[in-house]
Amino acid sequence: MSFRSAKVVSVEELSEGIYRMKLKLMDDLGVEPQPFQFFMVWVPRVKEVPMSISDYVDGSLAILFRVRGRGTEALSKARGFIGVRGPYGRGLSIRRGERMLVIAGGVGIAPVPYLVRTALRTRSSVDVLWGVRKACEVIDGGKLFQGVKPSSFYVATEDCSTDYCGTAIEVALKALGSGSWDRVILVGPREMLREGCRRFMDIDPLVALESIVKCGIGLCGTCSLKPMPKLLCMDGPLYKCSQAVDYLEYG
Ligand SMILES: Cc1cc2nc3c(=O)[nH]c(=O)nc-3n(C[C@H](O)[C@H](O)[C@H](O)COP(=O)(O)OP(=O)(O)OC[C@H]3O[C@@H](n4cnc5c(N)ncnc54)[C@H](O)[C@@H]3O)c2cc1C
Ligand code: FES
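Sequence order sets the numbering: in each chain, residues are counted from 1 along the sequence as written. To read the labels, note that chains go from A and ligands from 1, taken in the order they are written. Whole-chain, interface and lining totals are the exception, using all residues; otherwise, since this is a predicted model, local features are given only for residues with pLDDT of at least 70 and side-chain atom pairs are given and counted only at 80 or more.

A.B. asks: Help me out: how do you make sense of the nonpolar core in this one?
C.D. replies: Taken as a class, soluble globular proteins show a tendency for nonpolar side chains to be buried jointly. Ranked by size, the top nonpolar core spans 74 residues in total, and within it V41, V102, I103, A104, L129, A168 and V207 carry the most contacts. Each of two domains, domain 1 (4–88) and domain 2 (99–208), supplies a minimum of three residues to this core. For A168, the contacting residues outside a window of four places in its chain are I103, A104, G105, L129, W130, G131, A156 and M192. A set of buried Ala, Val, Leu, Ile, Met, Phe, Trp, Tyr and Cys residues, joined through C-beta atoms within 7 Å, is what we mean by a nonpolar core. As a rule, residues whose C-beta atom has 12 or fewer other C-beta atoms within 10 Å are exposed, those with 20 or more are buried, and those in between are partly exposed; C-beta atoms are placed from the backbone. For each domain, the first and last residues come from an automatic or database assignment. We call two residues in contact if the C-beta atoms placed from their backbones are at most 7 Å apart.

A.B. asks: Can you help me understand the environment of P111 in this one?
C.D. replies: A run of H or I in DSSP counts as a helix once it spans at least four residues, and a run of E counts as a strand once it spans at least two, with each numbered from the N terminus. As for its placement among the helices and strands, P111 is situated in the loop between β8 (99–105) and α2 (112–121). P111 sits in the buried class, given 28 other C-beta atoms within 10 Å. Along the sequence, P111 and I82 sit 29 residues apart, while their C-alpha atoms lie 20 Å from each other. Beyond its immediate chain neighbours, meaning those up to four positions away, P111 contacts P35, F36, S52, I53, S54 and V187.

A.B. asks: Before we go on, may I ask you to explain the site of ligand 1 in this structure?
C.D. replies: Neighbouring ligand 1 are 22 residues; F65, G69, G71, T72 and A110 lie closest to it. Sorting the residues of the shell around ligand 1 by element identifies β4 (47–52), β6 (60–66) and α1 (70–77) as the ones contributing at least two each. Here the shell around ligand 1 gets five residues from one element, more than from any other, and that element is β4. Broken down by class, the residue content of the shell around ligand 1 amounts to twelve nonpolar, five polar and five charged. Each residue gets a C-beta atom placed from its backbone. If that atom is within 6 Å of a molecule or strand, the residue is near it. In the scheme used here, Gly and all other residues not listed as nonpolar or charged are polar, with Ala, Val, Leu, Ile, Met, Phe, Trp, Tyr, Cys and Pro taken as nonpolar and Asp, Glu, Lys and Arg as charged.

A.B. asks: Explain the domain arrangement of the protein chain to me, please; I cannot follow it from the model alone.
C.D. replies: In many reports, interface size means the accessible area that the parts give up when they come together. Under the domain assignment, the protein chain is made up of domain 1 (4–88) and domain 2 (99–208). Between the C-alpha centres of domain 1 and domain 2 the distance comes to 22 Å. Opposite the 14 residues of domain 1 that make contact, domain 2 presents 14 residues. Mapped by element, the contributors of at least two residues to the side of domain 1 that touches domain 2 are β1 (4–15), β5 (55–57) and β6. Here the side of domain 1 that touches domain 2 takes three residues from β6, the largest share from any one element. Looking at the side of domain 1 that touches domain 2 residue by residue, the classes come out as eight nonpolar, three polar and three charged.

Written out as structure tokens, the structure is:
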């Protein structure tokens, strides 16, 4: 449960309301985190917030976040040193040479750069389709994926300001219907996950779920995914649609 000290190296607004914070951890993690794991990030005198690993190389951690309330607002202004504990959750273990498609919505794109980095190490490929509402939310691929490149990167916008017009799920069905992937992963707001699970029912994608996380280590029960008998911090955030359907519909 103890925090590691982390130095804020930079905080940059990448698009409207979406920030990337780069941190240097002051001591060794002792493990190589897996994509989709998360850290509890503590802003001194404010609160702790769960944040996915957006990138990690040799003790340098990046998180990508949208300002929602008090915690993320404070995070966007944090300077000096903050605290982190983790990595928590069960990450994705990538099989050598596998082909993945990620359909992300909004700030659900956060864990994708680290997934791409990890996949490249195992000669696996990641196609990315990212959906946002309007032009001012778009982040250029070169800025988003620093030092790594997904196999392909499409941006769908609901205001039709890019070539791919519509929600991420609509565009995925139209533009990518003919591709074949070993794994399809959906990450984003609940409505998007629900829609994706319905539309891609035959391939049973993985979904990255969100809930309120407090302890991060299975003690408090806050992250319960009722009616699923699961704790997100222990065995999440990734579940198959077939496992998560009741949570997405009624949880
Ligand atoms: C495992 C995990 C990983 C996450 N990774 C990221 C990330 O990489 N980037 C990112 O921007 N956000 C991420 N989140 C969500 C992020 O933790 C919350 O947005 C943040 O805690 C909100 O804190 P706040 O004090 O700013 O807002 P609050 O004042 O706590 O809340 C503001 C509003 O957001 C709602 N809210 C708060 N937390 C959640 C949640 N978990 N799910 C849905 N609604 C919520 C509240 O109900 C309220 O309406 C993650 C959440 C989890 C559980
Ligand atoms: S956050 Fe406490 S049990 Fe998961």
